[in-house]
Amino acid sequence: MKIAVIGTGYVGLVTGTCFAETGNTVTCVDVDKTKIDKLSSGTITIYEPGLEKIFLRNQKEGRLKFTQSIGDAVADAQIIFLALPTPPGEDGSADLKYILGVASDLGKLLQPGNYKVIVDKSTVPVGTCDKVRSAILNSGAGRNIEESFDVVSNPEFLREGVAVDDFMKPDRVVIGTSSERAVKIMNDLYAPFVRQGNPVIFMDEHSAELTKYAANAFLAVKISFMNEIAQMCERLDADVDMVRRGIGSDDRIGKRFLFPGIGYGGSCFPKDVKALAKTADDINYDFQILDAVMQVNEVQKMHLIPKIKSFFGGNLQGKRFALWGLSFKPNTDDIREAPAFYMIDALLAEGASVAAFDPEAITNTKQVYGDKISFSSDQYEALPGADALIIATEWNEFRTPDFDKISSLLKTKAIFDGRNLFDPAQLKNAGFHYESVGRKAVKQN
Ligand code: NAD
């Protein structure tokens, strides 16, 4: 099939590349010239395990192209994906200006008798398919394009860091449409991705749009719930790891997404929880759990700061901290709403300095902080002269570090771990002061 993907960010690039991988011819569009120039010349623009290899192969074999021209991309496409940003507006609602702007462009480009399926892959509030349809019809008024398109909701559930696997072998594909013509096309498109029998679930547009928010909000609830249990553990001398294992073995609860930490971040959970709360507000529904989830997360992002301050007698002026991890989660260079950034801001505000390391996210972080913090080229280089080590992201390479080396390089043998990477007993034996989340602090007498 011939596909156009409009918006070539995290979702658009993965979507386009993976559809090319199953034999489709894909043209990805973006307004960002630098991005399109880089991609066209074979340079990948995001770090995502496994993506570069299939990106290069499909580009070389002519199935994956990049352009700034929406007209060129959609001219002979049968399916047009919208993978555009939906950032939070001032009131928390998803800002639809990118989606509706492109919908207006499409109204001028669609031709009578040349049917296309327009698929919304962005995370959008309930009713957006209707708005996209109206925007297309308004801008194409008088051109007889009413029967030339359907607008379908196909929310994306990929997780950054494992996006290629998630896309190639999705748990489920959700498609919202009432058009039989669109159902057939979408079924054919996704058939190679669900050969193991995972479901393609067809539903109405509104339910599909709400499904995406419900999924992300539910996961955010799970995280905030565990973070509150971790807070209880610290006050009750219990160990959250034990509680997690104790409840996770119950099928109804499940083992995944039960790890406490320093809050959820990233480009999706914070904005999607906010947007769902706004939708509830708009329909006068008091969605109490969502408000609590957001409040808990705000507190949790700062969880380590009071512990660090208390360890240093309430004053961080002139202290230096080594920080491991900048991306909002491992295996990505995405720093949007990364918990590490909230900690950096708090430490700088207290008069401390920060030496940071991350395996992939340094380039992006430099664009935010410039020379306000320093960066090291490996995890140990951040340590000399630091008063303590802080862990903000659970990259695998941080899990079993050389504690002797850490000990010899740090000024004070203190580690504040926002991801519970280490065994407290081991750190006690190694002579560290060690504080984590929901577990007893290790203090050396
Ligand atoms: P992104 O910011 O990485 O990418 C969006 C791209 O769209 C950018 O490259 C931008 O330049 C481009 N763009 C903006 N206006 C354009 C226009 N008029 N024409 C062409 N291109 C244009 O965003 P993302 O992370 O890929 O997210 C896209 C959508 O998918 C959002 O709604 C998001 O909530 C949703 N989503 C994201 C993820 C994720 O993990 N990132 C997962 C599932 C769903």
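For the structure itself, consult the block above.
Residues numbered from 1 in each chain as written. Predicted model: local features only at pLDDT ≥ 70, side-chain atom pairs only at ≥ 80, totals over all residues. Heavy atoms only, no water.

Caption draft 1: Region of interest: the overall build of the protein. Each helix and strand in the protein was counted, giving 17 helices and 14 strands. Excluding contacts between residues fewer than 6 apart, the proportion of contacts in the protein whose partners are at least 24 apart in sequence is 71%. Per element, the accessible surface of the protein, about 19900 Å² overall, is 50% carbon and sulfur. Charged side chains in the protein number 51 positive and 59 negative. The centres of these two groups are separated by 3 Å. (Helix = DSSP H or I, 4+ residues; strand = E, 2+ residues; numbered from the N terminus. Contact = heavy atoms within 4.5 Å. Areas by Shrake-Rupley, 256 points an atom, 1.4 Å probe, with all protein chains shown as cover. Lys, Arg positive; Asp, Glu negative; His and termini not counted. Charge placed at Lys NZ, Arg CZ, Asp CG, Glu CD.)

Caption draft 2: Looking closely at the pairing of strand β13 (residues 414–417). On β13, burial covers both faces: A414 and F416 on one face and I415 and D417 on the other are all buried. With 3 bridges connecting them, strand β12 (residues 388–391) and β13 associate as parallel partners. In the strand pairing of β13, L389 is matched with I415. The β-α-β motif built from β12, the intervening helix α16 (residues 403–409) and the parallel element β13 has right-handed crossover chirality. For β13 and strand β14 (residues 433–435), the ladder comprises 3 bridges, and the chain directions are parallel. Directly across from I415, in β14, lies its bridge partner Y434. With respect to chirality, the unit in which β13 leads through helix α17 (residues 424–429) into the neighbouring parallel β14 is right-handed. (Buried < 20%, exposed > 50% of the residue type's maximum accessible area, 1.4 Å probe, protein only. Pairing = 2+ DSSP bridges. Right-handed = clockwise from strand over helix to strand, strands pointing away.)

Caption draft 3: Fine view of the sheet that holds strand β9 (residues 320–324). Read from one edge of the open sheet, 6 strands run β11-β10-β9-β12-β13-β14, paired in parallel fashion. With partners counted over all chains shown, the strands left at the sheet margins are β11 (374–375) and β14, one partner each. Relative to β12, β9 runs parallel, the two sharing 4 bridges. Looking at β12, one finds that A322 is bridged to L389. Along the sheet, helix α14 (residues 339–349) contacts β9, β10 (353–357) and β12; its crossing angle with β10, the most-contacted strand, is approximately 155°. (Axes fitted to C-alpha atoms, helices over the stretch in contact; angles between N-to-C directions.)

Caption draft 4: Inspection of the packing of aromatic side chains at higher detail. What the rule picks out here adds up to 20 aromatic pairs. When the centroid spacing of 5.1 Å and the interplanar angle of 85° are considered together, the rings of F403 and F422 count as edge-to-face. Of this pair, F403 sits in helix α16 while F422 sits in the loop between β13 and α17, and the two are 19 residues apart along the sequence. Taken individually, F403 and F422 each receive the classification buried, so the pair is uniform in this respect. Taken together, the aromatic side chains of F19, F81, F167, Y190 and F193 make up a single cluster linked through ring pairs. Seen from the ring of Y115, R181 lies directly overhead, with NZ or CZ sitting 3.7 Å from the centre. The side chain of K413 reaches across the aromatic face of F432, ending 5.3 Å from its centre. (Phe/Tyr/Trp six-rings, centres within 6.5 Å; stacked < 30°, edge-to-face > 60°. Lys NZ or Arg CZ within 6 Å of the ring centre and 35° of its normal.)

Caption draft 5: Highlighting the pattern of salt bridges. Across all of its chains, the model carries 23 salt bridges by this definition. E61 is paired through a salt bridge with R63; the nearest N and O atoms lie 2.7 Å apart. Three or more residues are tied together by salt bridges with common partners; here these are D91, K278 and D282. (Salt bridge = Lys/Arg side-chain N within 4 Å of Asp/Glu carboxyl O.)

Caption draft 6: Representation of the site of the ligand in the model. Inspection of the region around the ligand gives 26 residues, with D30, K35, T86, E160 and K271 positioned closest. T123 has a polar backbone atom sitting 2.9 Å from an oxygen atom of the ligand. Measuring from a nitrogen atom of the ligand, one finds a side-chain N or O atom of S267 at 3.5 Å. Out of a free accessible area of 830 Å², the ligand has 88% covered by protein chains. Looking at the shell around the ligand residue by residue, the class counts come to 11 nonpolar, 7 polar and 8 charged. The residue makeup of the shell around the ligand includes at least three contributed by each of domain 1 (2–203) and domain 2 (213–299). (Near = heavy atom within 4 Å. Polar contact = N/O pair within 3.5 Å; in protein donor to acceptor, adjacent residues only side chain to side chain. Nonpolar A, V, L, I, M, F, W, Y, C, P; charged D, E, K, R; others polar. Domains from an automatic or database assignment.)

Caption draft 7: Fine view of the packing of helix α9 (residues 205–236) against helix α12 (residues 288–301). At a minimum axis separation of 9 Å, α9 and α12 run at an interaxial angle of 55°. Between α9 and α12, the angle is such that the two are oblique. As α9 packs across α12, the resulting crossing turns out to be left-handed. Only I289, L290, V293, V296, N297, V299 and Q300 of α12 make contact with α9, whose side of the interface consists of A217, A220, V221, S224, N227, E228 and Q231. Class assignment for the residues of the contact of α9 with α12 results in 8 nonpolar, 5 polar and 1 charged. (Parallel < 35°, antiparallel > 145°, perpendicular 65-115°, else oblique. Left-handed = near helix turned anticlockwise from the far one by under 90°.)

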